[in-house]
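# Chain and residue survey
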Amino acid sequence: MFITFEGGEGSGKTTCIQKIVASLEQQHYSVVLTREPGGTPISEEIRNVILDKKNTDMDPRTEALLYAASRRQHVVEKILPALKAGKIVISDRFLDSSLAYQGGARGLGIDTIWQVNQYATEGLEPDVTFFFDIDPKEGLARIARNAGREVNRLDVEALTFHQKVRAAFQELAKRNPKRIVIIDASKSPDEVYQTVLQEIEKRLPSR
């Protein structure tokens, strides 16, 4: 089973993921936790280039192609082998992030970025995606309050950029209602966790 978590900056998905992984492992499921961009040594090196705050002159298409390249390595080296081994793969971001950030907020077009990534993923899609929906102002305020969180090149974009990201994610949820579950990320961390866990347990394969 392939599960992905999506959302704007500061939506709280990473905190929730850690609780979900712990819960599934307590139920004796074999879980592989990963992230994008990154997840493998090569993909992590590409991540460093993408998110480095010094690279403010990066062209949007370059950014989109780097994400796709990182994703390709991630899929073939980590995700597919784990799925073939019967494991649950949980990824902090996947294709929908490229569709929202580069396709929507950067203005490259959701459909264009989807086509680019079909080549990278060979059509691999998550079984379920959780979109952590939150007002960008609140998400960015959470980041500002969290002194220990990594601050990357995308975090320092203007508020309008993050608003476009949210709108793109909302559009993706409308397009994919069977796969994408909208989570109200403004609720307490425990409420969010319980909601996500219930949705996952409904979909878990029988053993």
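Quick caveat: nothing in here was measured; it's all calculated off a predicted structure.

Time to look at empty space enclosed by the protein. Space left empty within the atom packing is revealed by a probe, the size of a water molecule, rolled over the atoms. One pass over the structure, following the stated rule, counts one cavity of 30 Å³ or more. Volume-wise, the largest cavity comes out at about 80 Å³. Listing elements by their share of the lining of the largest cavity, those giving two or more residues are strand E4 (128–133), helix H6 (136–145) and helix H7 (159–175). Here the lining of the largest cavity is built from residues that sort into six nonpolar, two polar and three charged.

This part covers H7. Relative to the 24 Å expected for 17 residues at 1.5 Å per residue, H7 spans 25 Å between its end C-alpha atoms, a close match to the ideal helical length. For H7, the secondary structure elements touched by its buried residues are strand E1 (2–7), helix H4 (95–105), helix H5 (110–121), E4, H6 and strand E5 (180–184).

Applying the stated criterion to the full structure yields 16 salt bridges. For arginine 93, the salt bridge identified is with glutamate 6, shortest N-O distance 3.9 Å. Of the two residues, arginine 93 is situated in the loop between strand E3 (88–92) and H4 and glutamate 6 in strand E1; the sequence distance between them amounts to 87 residues. On the accessibility criterion, glutamate 6 (0% relative accessible area) is buried. Measuring nitrogen to oxygen at the nearest pair gives 2.9 Å for the salt bridge that ties glutamate 63 to arginine 106.

This brings us to the sheet that holds E4. Spatially, E2-E3-E1-E4-E5 is the arrangement adopted by the five strands of the open sheet, whose pairing is parallel. Bordering the open sheet on either side are strand E2 (31–35) and E5, each of which pairs with just one other strand. Within the sheet, the average angular offset between the axes of one strand and its neighbour, ignoring direction, is 20°. Relative to E3, E2 runs parallel, the two sharing five bridges. Across the sheet, the residue bridging to threonine 34 is serine 91, located in E3. Where helix H1 (residues 13–26) meets the sheet, it contacts E1, E2, E3 and E4, and its direction lies at approximately 165° from that of E3. Along the sheet face, helix H3 (residues 60–84) touches E1, E2 and E3 and points at about 160° away from the line of E2.

Attention shifts here to H4. Judged by how many residues are buried, H4 sits mostly within the fold: ten of eleven residues are covered. Taken residue by residue, H4 has Leu95, Asp96, Ser97, Ser98, Leu99, Ala100, Tyr101, Gln102, Gly103 and Ala105 as its buried positions. Contact partners of the buried residues in H4: E1, H3, H5, E4, H7 and E5. Immediately downstream of H4, the backbone of glycine 107 shows phi near 80°, a positive value.

With that out of the way, let us pick up the packing of H4 against H7. In the contact formed by H4 and H7, the axes pass within 8 Å of each other and the chain directions differ by 125°. As far as their axial angle goes, H7 and H4 are oblique. In this structure, H4 crosses over H7, and the sense of that crossing is right-handed. Contacts from Asp96, Ser97, Leu99, Ala100, Tyr101, Gly104 and Ala105 of H4 reach H7 at Phe161, Lys164, Val165, Ala168, Phe169 and Leu172. Across the contact of H4 with H7, the residue classes tally to nine nonpolar, two polar and two charged.

Locating glycine 104 in the fold gives a position in helix H4. With a relative accessible area of 27%, glycine 104 lands in the partly exposed category. Non-local contacts of glycine 104, meaning those with residues more than four positions away in its chain, are made with Leu99, Ile110 and Ala168.

Reading the values: rules and limits
- Residues numbered from 1 in each chain as written.
- Predicted model: local features only at pLDDT ≥ 70, side-chain atom pairs only at ≥ 80, totals over all residues.
- Heavy atoms only, no water.
- 1 Å grid on protein atoms, 1.4 Å probe; cavity = no way out; pocket = protein on both sides within 12 Å on 5 of 7 lines; lining within 4 Å.
- Points joined across faces, edges and corners; volume = space filled by probe spheres on them.
- Helix = DSSP H or I, 4+ residues; strand = E, 2+ residues; numbered from the N terminus.
- Nonpolar A, V, L, I, M, F, W, Y, C, P; charged D, E, K, R; others polar.
- Expected span 1.5 Å × (residues − 1).
- Contact = heavy atoms within 4.5 Å.
- Salt bridge = Lys/Arg side-chain N within 4 Å of Asp/Glu carboxyl O.
- Buried < 20%, exposed > 50% of the residue type's maximum accessible area, 1.4 Å probe, protein only.
- Pairing = 2+ DSSP bridges.
- Axes fitted to C-alpha atoms, helices over the stretch in contact; angles between N-to-C directions.
- Parallel < 35°, antiparallel > 145°, perpendicular 65-115°, else oblique.
- Left-handed = near helix turned anticlockwise from the far one by under 90°.

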